[in-house]
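Each chain, written out:
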Amino acid sequence: MSHTFLLYVPLLALGLASTPPSLLEQNCDVNTVIPHCIAIDSDSAQSAAYDGEWECANPKVKLVLNTKEENVEVPDYGFLGTTHGYMAGTGLYGTWIVTTCTIDKDAVRLRFANDTGGDVQNARLTLQGDTALLFEATGSNALRYVVKRKLVKAPSTMVFHRPGRAKASAPQKR
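Residues numbered from 1 in each chain as written. Predicted model: local features only at pLDDT ≥ 70, side-chain atom pairs only at ≥ 80, totals over all residues. Heavy atoms only, no water.

### Quick look at the packing of aromatic side chains
Right, on to step 1. Summed over the entire model, instances satisfying the criterion amount to three aromatic pairs.
Right, on to step 2. A centroid spacing of 6.0 Å and a plane angle of 50° characterise the contact between Y77 and F79, whose relative ring orientation is tilted.
Right, on to step 3. A relative accessible area of 18% means that Y77 is categorised as buried. (Phe/Tyr/Trp six-rings, centres within 6.5 Å; stacked < 30°, edge-to-face > 60°. Buried < 20%, exposed > 50% of the residue type's maximum accessible area, 1.4 Å probe, protein only.)

Now the structure itself:
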């Protein structure tokens, strides 16, 4: 559910004096300096908390995500164009590319496809405080990694942190 909030702020303070009227609320005058209103979508503010780079220590996986725009280029897969993000690392077999991204009230739902296109994985991401992101594979778990030349199921639940922050020692079990 999307909520729109109106904030009354001086345009000069934000450097928005030249903002086109289409970006401002209809009843606001573009030539007015104070007060002025700007519509802010609460889903945008919430989804921004999920965006950026995340790391999981065990297994070693990196998640890059942009929930609002498909502007992330997957390394070595530039020919595919841009996407909402990807997941890769020594803790996973191959690269998993975000094919769909949906923002719910308290979570982000993603659908990944592996780099060969043979497997898909649905996942639910939820914020755990300010520094952690909980990844939960939904449906059957297609994520794998290699152990002694054999594919083994990766954990269906992983805890990600921002790079340089404290990392969880092991994924949560259900």
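### Description of the environment of R162
Right, on to step 1. Take R162: it is sitting in the segment after strand 14 (157-161).
Right, on to step 2. Side-chain polar atoms of R162 contact the backbone oxygen of A49, separated by 2.9 Å.
Right, on to step 3. Within polar-contact distance, the side chain of R162 engages the backbone oxygen of D51 at 2.8 Å. (Helix = DSSP H or I, 4+ residues; strand = E, 2+ residues; numbered from the N terminus. Polar contact = N/O pair within 3.5 Å; in protein donor to acceptor, adjacent residues only side chain to side chain.)

### Here's the deal with unusual backbone geometry
Right, on to step 1. N58 connects to P59 through a cis peptide bond whose omega is 0°.
Right, on to step 2. Despite not being glycine, K148 shows a phi value in the positive range, around 50°.
Right, on to step 3. Along the chain, the position of K148 falls in the loop between strand 12 (144-147) and strand 13 (150-153).
Right, on to step 4. Although it is not a glycine, R149 adopts a positive phi angle of roughly 65°.
Right, on to step 5. The topology assignment puts R149 in the loop between strand 12 and strand 13.
Right, on to step 6. Residue classification places R149 among the exposed residues on the basis of a relative accessible area of 83%.

### Side note on the nonpolar core
Right, on to step 1. Within the largest apolar cluster, 24 residues are counted, with the highest numbers of intra-cluster contacts made by M87, F112, L125, F135 and F160.
Right, on to step 2. Secondary structure elements with two or more residues in this core: strand 3 (52-56), strand 4 (61-65), strand 8 (96-103), strand 9 (108-114), strand 10 (120-128), strand 11 (132-138) and strand 14.
Right, on to step 3. Discounting chain neighbours no more than four positions away, the residues touching L125 are Y50, L63, L65, A107, V108, L110, L133, L134 and F135.
Right, on to step 4. Listed in part, the seven residues of the second largest apolar core include V64, V72, Y86 and I97. (Core = buried A, V, L, I, M, F, W, Y, C linked by side-chain atoms within 4.5 Å. Contact = heavy atoms within 4.5 Å.)

### Structural notes on a nonpolar patch on the surface
Right, on to step 1. On the surface, a nonpolar cluster with roughly 320 Å² of combined accessible area is contributed by Y93, V146 and L151.
Right, on to step 2. Taking relative accessible area as the criterion, Y93 reaches 51% and is therefore assigned exposed. (Patch = residues over 30% accessible without salt bridge, like charges linked within 9 Å, V, L, I, M, F, W, Y side chains within 5 Å. Areas by Shrake-Rupley, 256 points an atom, 1.4 Å probe, with all protein chains shown as cover. Salt bridge = Lys/Arg side-chain N within 4 Å of Asp/Glu carboxyl O.)

### Some thoughts on the side chain of T83
Right, on to step 1. In this fold, T83 is placed in strand 6 (residues 82-83).
Right, on to step 2. Beyond its immediate chain neighbours, meaning those up to four positions away, T83 contacts E69, E70, N71, V72, V74, I97 and V98.

So, to be careful, I would describe these as geometric facts and stop short of saying anything about function.
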